[in-house]
Amino acid sequence: MASQAVNFYSEGTRLSGDLFLPDGLDAGETRAGIVLCHGYTGVRNLYLPDTAMALTEAGYVVLTFDYKGWGDSDGPKSRLSPYGRVIDSQAALTFLGAQPMVDAHRLGIYGTSYGGATVVWTAAVDPRVKAVVSVVGIGHGRRWMRSVRRPDEFADLLRLSEADRIRRVMTGELEFADRNAVLLPDRQSAELAAAARRGNPGAVGEIPLEYIDDTLGFHPEWIVDKIAPRPVLFITSDQDRLVPPEESESLYAKAGEPKKLVVLKGWGHYEVYTGEAFRQVIEPTLAWYQTHLPA
């Protein structure tokens, strides 16, 4: 397996990525390609390389990338625009499909956490996506942000979002806040995320408050049914307290066939990226792609 650093553009902004190539790729041969989308305040080298390697070992060409403003990509730093991420993922599909070793008619997409929401929206609006995997994803932004807060905390969040919305329009300035104040992680998530992000300069600790306003109105479950008849797999965990399993369950309920829901037992949100929990994620992922999008 080989990987190479690549650059491409989304809305005129340079994005950085890594292209993973399978071993045994003959000259002139084409394979199916899969775009991987990271979540919330992640970057392409935080959790996705293990997934990329597993898919590449199965014969796929895989692209990871940083959204605008994240990691090594250009753009306003740390902005977290959900629709902008959809546009970036579409640019990634275009870039991957243009590679000589990739069959542009056999493209898949994979996303985790907030990326699990991104890929649902992308697949719903972009028919080039032939198979989808969404892991611990978000189906309804407002419901999700409400579900992990007490009523008074959610009321405070709404007031904060409204004040920030007015300030942004009147002044053009962004106010930043600690990512944990906006995400409000559970204890396990806070500890595991901090350990994973330690020493990774791309994993920033602050994001603009505008993310709240954006997410409160971002509901992939409203259009998940548009993916059918292309196949979509949802993977969640019964002990995920950061993005509760009800989010994936709602996406699954509203999606058309073919579809599948896998509910892992006993794992938290960030545990799905390593060890036994990761194995339980990657096995159905590989089976899904191999069935619906052979390499």
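Residues numbered from 1 in each chain as written. Predicted model: local features only at pLDDT ≥ 70, side-chain atom pairs only at ≥ 80, totals over all residues. Heavy atoms only, no water.

> I keep staring at unusual backbone geometry and nothing clicks. Help me out?
Leaving glycine out, the prevailing phi sign among residues is negative, and the prevailing peptide bond configuration is trans. In this model, A228 is joined to P229 through a cis peptide bond whose omega is 10°. Tracing the chain through its elements places P229 in the loop between α8 (210-216) and β9 (232-237). Here V136, not a glycine, exhibits a phi torsion of approximately 40°, which is positive. Looking at where V136 falls in the secondary structure, it is placed in the loop between β6 (129-135) and α4 (141-147). (Helix = DSSP H or I, 4+ residues; strand = E, 2+ residues; numbered from the N terminus.)

> Mind showing me how you'd approach the packing of aromatic side chains here?
Any aromatic ring pair is given by two values, namely how distant the centres are and how the planes are angled relative to each other. Per the stated rule, a full pass over the model turns up 13 aromatic pairs. Each ring, one from Y47 and one from Y273, has its centre 4.1 Å from the other, and the planes form 15°; the classification is stacked. Separated by 226 residues along the polypeptide, Y47 in the loop between β3 (31-37) and α1 (48-57) and Y273 in the loop between β10 (259-264) and α10 (275-292) bring together distant segments of the chain. Taking relative accessible area as the criterion, Y47 reaches 17% and is therefore assigned buried. Plain terms: the ring middles of Y270 and Y273 are 6.1 Å apart, the flat faces sit at 50° to each other, and that makes the pair tilted. Exposure remark for Y273: the relative accessible area of 8% places this residue in the buried category. In this structure an aromatic cluster arises from ring pairing among Y40, Y83, Y114, W121, Y211 and F218. Seen from the ring of Y252, K259 lies directly overhead, with NZ or CZ sitting 4.5 Å from the centre. (Phe/Tyr/Trp six-rings, centres within 6.5 Å; stacked < 30°, edge-to-face > 60°. Buried < 20%, exposed > 50% of the residue type's maximum accessible area, 1.4 Å probe, protein only. Lys NZ or Arg CZ within 6 Å of the ring centre and 35° of its normal.)

> When you look at the environment of V43 in this model, what are you seeing that I'm missing?
Mapped onto the fold, V43 is located in the loop between β3 and α1. Between the C-alpha atoms of V43 and D66, which are 23 residues apart in sequence, the distance is 5.7 Å.

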